Amino acid sequence: MGNSSSLQNDANGEDIAKYLVPPPMGGAGVCRHCRSWASSGGDVCHNCRDVKAALGEVWPVVPISLYEKPSELRDWLKFYKPSGGDEYDPAYGVKLTQILARFLNAQMPNIEEVWGAIDGVCVVPSTKGAVPHPLCGVYECTNAGPPLLDVLVRGKGPLRHRFAHRDGFECTSQGVGRRVLLLDDVYTTGATAQSAAYALKSAGYEVPGILTIARRINPDFTPQVRSLWERCSADDFDFNGTFI
Ligand SMILES: [Zn+2]
């Protein structure tokens, strides 16, 4: 089997795109930083406001897909890690590799056109778990995108679900202007990924933005969130579509 066809479809010949929901590109009620729902028809969500207050800056986020709980994508993202316990399934990591490889092959030229040339990719470290992060293995299996850089470690600052912190992470080397794309599996409040971007910038790296496989949406939160979710999930997912 050729490499491209094995990446297009899984063993059942099924297109993985049907499990994905394209993120909104903007407009009223969409956060311009993280592409989630923003209250009162504004264009910055309350999570990004909290990040800005803590870090002084919010780095732009490109989600590959939105997801809700429960969903197959949510299970892949939760249980591809060996720390997923009884429900850990290595096949889920293969699914994530397929998604990421197809996205990088289709979209890296567009990302570099908007964000400039990227020298490396840095995975947001886990706040408590394994080193290296399982997403590093997923990324390396894509055989796509810029080289992986291993320069971030957990810092002394507390990182809780909603609270970004300037000392949440630290860098093991100086960036001297190297341009790094941050990569995460899931983006929820942004507290972790945005704190990682802050640490990279503080060490002299340029961080044009954060790429995440999935952005959590809770359609039960308000009718406005449900409306955004329904609007996005009505569209077919296209790896060659517009993401940035
Ligand atoms: Zn936001």
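If you're wondering where the values come from, they're calculated on a predicted model, not measured in any experiment.

Q: What am I meant to see in the environment of Gly-56 here?
A: With respect to the helices and strands, the residue Gly-56 is situated in the loop between helix H2 (46-55) and strand S1 (61-67). Looking at Gly-56, the relative accessible area reads 45%, which means it is partly exposed. Distance in space between the C-alpha atoms of Gly-56 and Tyr-198 is 9.1 Å, their sequence separation being 142 residues. Not counting the four nearest positions on each side in its chain, Gly-56 is found in contact with Val-51 and Arg-166.

Q: I tried to follow the packing of helix H3 (residues 72-79) against helix H4 (residues 90-115) on my own but got confused; where do I start?
A: To characterise two packed helices, one gives the angle between the axes of the helices and the distance between these axes. Across the interface, H3 lies against H4 with an axial gap of 8 Å and an inter-helix angle of 110°. With respect to each other, H3 and H4 are oriented roughly perpendicular. When the axes of H3 and H4 are compared, the crossing they make is left-handed. Within the contact between the two elements, H3 uses Leu-73, Asp-75, Trp-76, Leu-77 and Phe-79 and H4 uses Tyr-92, Lys-95, Leu-96 and Ile-99. In the contact of H3 with H4, the residues fall into seven nonpolar, no polar and two charged.

Q: Quick question: what am I supposed to make of the sheet that holds S1 here?
A: Within a sheet, neighbouring strands are paired by backbone hydrogen bonds and run either parallel or antiparallel to one another. Spatial strand order, S1-S6-S5-S2: four strands in an open sheet with parallel pairing. On the outer flanks of this sheet lie S1 and strand S2 (120-123), each paired with one strand and no other. Strand after strand, the sheet turns through a mean of 25° between neighbouring axes, direction not considered. In terms of strand pairing, S1 meets strand S6 (residues 210-216) through six bridges, oriented parallel. Residue pairing in the sheet places Val-62 in a bridge with Leu-211 of S6. Those strands touched by H4 are S1, strand S5 (180-187) and S6, and its axis lies near 130° from that of S6. Together, S2, S5 and S6 form the strand contacts of helix H5 (residues 134-142), whose direction differs from that of S5 by roughly 115°.

Q: Would you explain the coordination of the zinc ion in this entry?
A: Tetrahedral coordination by four donors puts the ideal angle at the metal at 109.5 degrees, and octahedral coordination by six puts it at 90 or 180 degrees. Looking at the metal site, the zinc ion is ligated by Cys-31 (SG), Cys-34 (SG), Cys-45 (SG) and Cys-48 (SG), spaced 2.2 to 2.3 Å from it. Every donor counted, the four donor atoms about the zinc ion form angles of 104 to 115° at the centre, which fits tetrahedral coordination. In the primary sequence, the donor residues of the zinc ion line up as C-x2-C-x10-C-x2-C. You can call Cys-45 buried: its relative accessible area is 1%.

Q: When you look at the nonpolar core in this model, what are you seeing that I'm missing?
A: Considering soluble globular proteins, one finds that nonpolar side chains tend to be buried as a cluster. In this structure, Leu-73, Leu-96, Ile-99, Leu-100 and Leu-211 are the most contacted members of the largest nonpolar core, which totals 34 residues. Where this core is concerned, the elements lending two or more residues are S1, H3, H4, S2, H5, S5 and S6. Here the element with the most residues in this core is H4; it accounts for eight residues. The contact partners of Ile-99, leaving out residues within four places of it in the chain, are Ile-16, Leu-20, Ile-64, Leu-73, Trp-76, Ile-213 and Phe-239. Among the nonpolar cores identified, the runner-up in size contains 33 residues, and Ala-38, Trp-59, Val-180 and Leu-200 belong to it.

Q: Any chance you could explain the packing of aromatic side chains here in plain terms?
A: Describing an aromatic ring pair means giving the distance of the ring centres and the angle of the ring planes. Counted by the stated rule, this structure contains five aromatic pairs. Following the ring pairs from residue to residue traces out a cluster consisting of Phe-103, Phe-237, Phe-239 and Phe-243. One residue, Arg-162, lies across the ring of Phe-163, its end atom 5.9 Å from the ring centre.

What counts and what doesn't
Residues numbered from 1 in each chain as written. Predicted model: local features only at pLDDT ≥ 70, side-chain atom pairs only at ≥ 80, totals over all residues. Heavy atoms only, no water. Helix = DSSP H or I, 4+ residues; strand = E, 2+ residues; numbered from the N terminus. Buried < 20%, exposed > 50% of the residue type's maximum accessible area, 1.4 Å probe, protein only. Contact = heavy atoms within 4.5 Å. Axes fitted to C-alpha atoms, helices over the stretch in contact; angles between N-to-C directions. Parallel < 35°, antiparallel > 145°, perpendicular 65-115°, else oblique. Left-handed = near helix turned anticlockwise from the far one by under 90°. Nonpolar A, V, L, I, M, F, W, Y, C, P; charged D, E, K, R; others polar. Pairing = 2+ DSSP bridges. Donors = N, O, S within 2.8 Å, 3.2 Å for Na, K, Ca; no water. Tetrahedral: all angles 85-135°; square planar, octahedral: opposite > 155°, others 65-115°. Core = buried A, V, L, I, M, F, W, Y, C linked by side-chain atoms within 4.5 Å. Phe/Tyr/Trp six-rings, centres within 6.5 Å; stacked < 30°, edge-to-face > 60°. Lys NZ or Arg CZ within 6 Å of the ring centre and 35° of its normal.

Shape descriptors only; they carry no functional weight alone.
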